[in-house]
Amino acid sequence: RVERVIYLTHMEESKRVQNLISNAMDTSLDIRPPNIRSILDANPNVSTFSGRELPHGYLDWWPVCLGFNNLEPPFDDPEIRRAINYAIDRDELVAVGWQGAGTKSHLPLPDFPPLRQFTDSIQDLVEKYEVGVYDPAKSAAILERKGWTRDGEGLWVKDGERLKVVIDIFDVFTDLAPVLAAQLTRSGFDASFRMTSDVFSRMAQGVARAYLMGNGGSVRDPYFTLRLYHSRFVQPTGTHAERFWRWSNPEFEALVDQMGQTAPDDPELQRLFRQAMEIWLSELPSIPIVQWYHRIPHNETYWKNWPTA
């Protein structure tokens, strides 16, 4: 019988790892894939939702996108966003950044069974707009057509300015961000990442021009994710915005408003969703990269019967 539950204040992940290995802690939210692998290797009493097998956790409702302040150049141009999309190798992001412990994503929606009737129905649009295509040559073709040239270091430059992509992140993205920045640099973008204590304020204010962020919206009805991209959340740069994408399209939001008045089991929702996603995928206000997983270690030294698949 449980006599007491002790909650510890948040500590650096390295300290949580050591506490789990030494049996001083029973469980902890979200450990990064390399670290949870280290815990499993070091302590046979630790398991996860998926046991001791990949992905060491469970699929969450928060698929991750590379987001932008879509009001500000150069990211206000959908063709620039498309060029960045072609420079991203999602398979490498999972294989290197997550050591294979995860899955890539081509949509801002989680791969939950209730949503598959919607996401499966637009796979032809995903292919049409080549969201999952890694092709640096196509990226280069777009930029050359728009007047960018490569300098002596192979980076894109126009009017004396390099095409900078500085990605703001917080601590859960320290594994993905270096790989993503390296990929973009490989394709000629002047790419880097940074993690500051005020990152959420920077994203909300629009000071962060590029960033990694999840889409916490839909679990069975696609309306709740698409609503995140409604212009009701758009604020000028420098003004706090509840959602950070800062993208608007009148036709898209009219469709989303209609979706909000349509029952999830109404066939009309499928039609509205398809029309809205055709606009979203054509403009790519954010770039889907990976599904999100909660990798929560369960130390069974003292307590058993933790939640598992």
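Definitions and limits used
Residues numbered from 1 in each chain as written. Predicted model: local features only at pLDDT ≥ 70, side-chain atom pairs only at ≥ 80, totals over all residues. Heavy atoms only, no water. Helix = DSSP H or I, 4+ residues; strand = E, 2+ residues; numbered from the N terminus. Rg over C-alpha atoms; globule rule 2.2 N^0.38 Å. Buried < 20%, exposed > 50% of the residue type's maximum accessible area, 1.4 Å probe, protein only. Contact = heavy atoms within 4.5 Å. Areas by Shrake-Rupley, 256 points an atom, 1.4 Å probe, with all protein chains shown as cover. Lys, Arg positive; Asp, Glu negative; His and termini not counted. Charge placed at Lys NZ, Arg CZ, Asp CG, Glu CD. Salt bridge = Lys/Arg side-chain N within 4 Å of Asp/Glu carboxyl O. Arc of directions from axis to C-beta. Pairing = 2+ DSSP bridges. Patch = residues over 30% accessible without salt bridge, like charges linked within 9 Å, V, L, I, M, F, W, Y side chains within 5 Å. Expected span 1.5 Å × (residues − 1). Polar contact = N/O pair within 3.5 Å; in protein donor to acceptor, adjacent residues only side chain to side chain. Phe/Tyr/Trp six-rings, centres within 6.5 Å; stacked < 30°, edge-to-face > 60°. Core = buried A, V, L, I, M, F, W, Y, C linked by side-chain atoms within 4.5 Å.

> I tried to follow the overall build of the protein chain on my own but got confused; where do I start?
Tallying secondary structure elements over the protein chain gives 12 helices and 12 strands in all. Taken against the 2.2 N^0.38 rule, which gives 19 Å for 309 residues, the C-alpha radius of gyration of the protein chain at 21 Å falls within 12% of a compact globule. Once the C-alpha set of the protein chain is aligned to its principal axes, its extents read approximately 65 × 55 × 35 Å. A buried classification covers 50% of the 309 residues belonging to the protein chain. When contacts within the protein chain are restricted to residue pairs at least 6 apart in sequence, those whose partners lie at least 24 apart make up 72%. Accessible surface computed for the protein chain: about 14300 Å², of which carbon and sulfur atoms make up 51%. Treating the 33 positive side-chain charges of the protein chain as one cloud and the 42 negative ones as another, the clouds have centres 3 Å apart.

> So what exactly am I meant to see when it comes to the pattern of salt bridges here?
It is possible for side chains bearing opposite charge to pair when their charged atoms get close. Taken as a whole, this structure holds 19 salt bridges when the rule is applied. With a shortest N-O distance of 3.2 Å, glutamate 79 and lysine 146 are connected by a salt bridge. Of the two residues, glutamate 79 is situated in helix H3 (residues 78-86) and lysine 146 in the loop between helix H7 (136-145) and strand S4 (149-150); the sequence distance between them amounts to 67 residues. Its relative accessible area of 28% is what places glutamate 79 among the partly exposed residues. Measuring nitrogen to oxygen at the nearest pair gives 3.1 Å for the salt bridge that ties arginine 202 to aspartate 168. In this pair, arginine 202 is assigned in helix H9 (residues 199-205) and aspartate 168 in strand S7 (residues 164-168), connecting sequence segments 34 residues apart. Residue classification places arginine 202 among the buried residues on the basis of a relative accessible area of 15%. If you follow the salt bridges from partner to partner, you end up with Asp77, Glu79, Arg145 and Lys146 in one network.

> Is there a simple way to think about H7 in this case?
Residue pairs three or four apart in sequence face the same way in an α-helix, which turns once every 3.6 residues. Three or more residues of H7 are buried, namely Ser139, Ala140, Ile142 and Leu143. The buried residues of H7 all sit within an arc of 160° when viewed along its axis, so they share a single face. In H7, those exposed residues whose orientation departs by more than 90 degrees from the buried face are Ala137, Glu144 and Arg145.

> Just to check I follow, could you spell out the sheet that holds strand S5 (residues 156-158) for this structure?
Working definition: the strands of a sheet are paired by backbone hydrogen bonds and lie parallel or antiparallel to each other. In space, the three strands of this open sheet follow the order S4-S5-S6, with antiparallel pairing throughout. Two strands bound the open sheet, and with one partner strand each, they are S4 and strand S6 (161-162). As judged from the two bridges shared by S5 and S6, these two strands associate in the antiparallel manner. From the neighbouring strand, valine 157 faces S6, where its bridge partner is arginine 162.

> Mind showing me how you'd approach a nonpolar patch on the surface here?
A cluster of nonpolar side chains, Val2, Val5, Tyr7, Tyr302 and Trp303, forms an exposed patch at the surface whose accessible area comes to about 630 Å². Relative to the helices and strands, tyrosine 7 resides in the segment before helix H1 (13-21).

> I tried to follow helix H12 (residues 267-283) on my own but got confused; where do I start?
Its 17 residues place the ends of H12 25 Å apart at the C-alpha level, agreeing with the 24 Å of an ideal helix rising 1.5 Å per residue. Leu269, Leu272, Phe273, Ala276, Met277, Ile279, Trp280 and Leu281 are the residues of H12 that are buried. Buried positions along H12 lie against H3, helix H5 (116-119), helix H6 (123-128), helix H10 (223-226), helix H11 (250-259) and strand S10 (287-290). Its side-chain oxygen placed 2.9 Å from the backbone nitrogen of glutamate 268, aspartate 266 serves as the N-cap of H12. Phi turns positive, to about 50°, at leucine 284, one or two residues after H12.

> Even after reading the chapter, I still don't get the packing of aromatic side chains, so can you show me in this structure?
Aromatic rings in a pair are described by how distant their centres are and how their planes are angled relative to each other. Enumeration over the complete set of coordinates arrives at 16 aromatic pairs. Look at tryptophan 98 and tryptophan 292: their rings are 5.8 Å apart centre to centre, the planes differ by 65°, and that puts the pair in the edge-to-face class. Remark: tryptophan 292 occurs in the loop between S10 and strand S11 (293-294) and tryptophan 98 occurs in the loop between helix H4 (90-97) and H5; sequence separation between them is 194 residues. Here the two residues tryptophan 98 and tryptophan 292 agree in accessibility, since each one is buried. Between the aromatic rings of phenylalanine 170 and phenylalanine 200, the centroid separation amounts to 4.6 Å while the plane-to-plane angle is 40°, which identifies the pairing as tilted. Residue phenylalanine 170 is located in the loop between S7 and helix H8 (176-186), and its partner phenylalanine 200 is located in helix H9; the two are separated by 30 residues in the primary sequence.

> How do you make sense of the nonpolar core when you look at a structure like this?
Ranked by internal contacts, the top residues of the largest apolar core, which has 77 residues, are Ile84, Val165, Phe173, Leu184, Phe189 and Leu212. Among the elements that line this core, the one with the most residues is H12, at eight residues. With near-sequence residues (within four places) excluded, phenylalanine 189 lies in contact with Ala83, Ile84, Ala87, Ser139, Leu143, Leu155, Trp156, Leu163, Val165 and Leu184. The next biggest cluster of nonpolar side chains, apart from the first, holds nine residues, and it includes Leu20, Met25, Ile31 and Ile39.

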